[in-house]
Amino acid sequence: MTTGIIEKAGKSKSGKTLGVLINGQWYSTTEWELQNMVGETITITDQKSVPMPDGGSITYLNAYTTGDAPAQAPARQPAGQ
């Protein structure tokens, strides 16, 4: 999990995804509500990094929580809790 503040958010060139800057790292997502949450604290609960042919990578933000209430899929709890 990663926790940080949403610094910037903007549509990708294709318009199919949203780029979100958190703690200086860009994430790609289809969670469009994040574009209106700049300045808010977020905890990323599911992410996947995919290598690109040019040697770079894209990190996809798949699920997150904000504040005390889950905004997306809730973080998994350890067994027995």
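One structure accompanies this document, and this report is about it. (Residues numbered from 1 in each chain as written. Predicted model: local features only at pLDDT ≥ 70, side-chain atom pairs only at ≥ 80, totals over all residues. Heavy atoms only, no water.)

1. Comments concerning the nonpolar core
Stage number 1. Residues Ile6, Leu18, Val20, Ile22, Tyr27, Leu34, Met37, Ile42, Ile44, Leu61 and Tyr64 constitute the largest nonpolar core, which totals 11 residues.
Stage number 2. Contributing elements (two or more residues each) for this core: strand 2 (18-22), strand 4 (41-51) and strand 5 (57-66).
Stage number 3. Considering every element that reaches this core, the biggest residue donor is strand 2, with 3 residues. (Core = buried A, V, L, I, M, F, W, Y, C linked by side-chain atoms within 4.5 Å. Buried < 20%, exposed > 50% of the residue type's maximum accessible area, 1.4 Å probe, protein only. Helix = DSSP H or I, 4+ residues; strand = E, 2+ residues; numbered from the N terminus.)

2. Some details on unusual backbone geometry
Stage number 1. Its identity as a non-glycine residue notwithstanding, Asn23 has a phi of 55°, on the positive side.
Stage number 2. Of note, Asn23 is situated in the loop between strand 2 and strand 3 (25-29).

3. Side note on the pairing of strand 2
Residues in a regular strand point their side chains to alternate faces of the sheet.
Stage number 1. In terms of residue burial, strand 2 counts as a mostly covered element, since 5 of its 5 residues are buried.
Stage number 2. Side chains Leu18, Val20 and Ile22 of strand 2 all project onto a buried face; the interleaved residues Gly19 and Leu21 project onto the opposite face, where all are buried too.
Stage number 3. The loop that links strand 1 (residues 2-11) with its antiparallel partner strand 2 comprises 6 residues; one of these, Gly15, has a positive phi angle of about 80°.
Stage number 4. Pairing between strand 2 and strand 3: 5 bridges, direction antiparallel. In the sheet register, Leu21 faces strand 3, and the bridge partner there is Trp26. (Pairing = 2+ DSSP bridges.)

4. What to know about the pairing of strand 5
Stage number 1. When strand 4 meets strand 5, the two strands line up antiparallel, connected through 9 bridges. Along strand 5, the bridge assignment pairs Ser49 with Thr59.
Stage number 2. If you look at the hairpin formed by strand 4 and strand 5, you'll find 5 residues sitting between the two strands, and Gly55 has a positive phi there, around 95°.

Remember that the coordinates give geometry; whether it matters functionally is a separate question.
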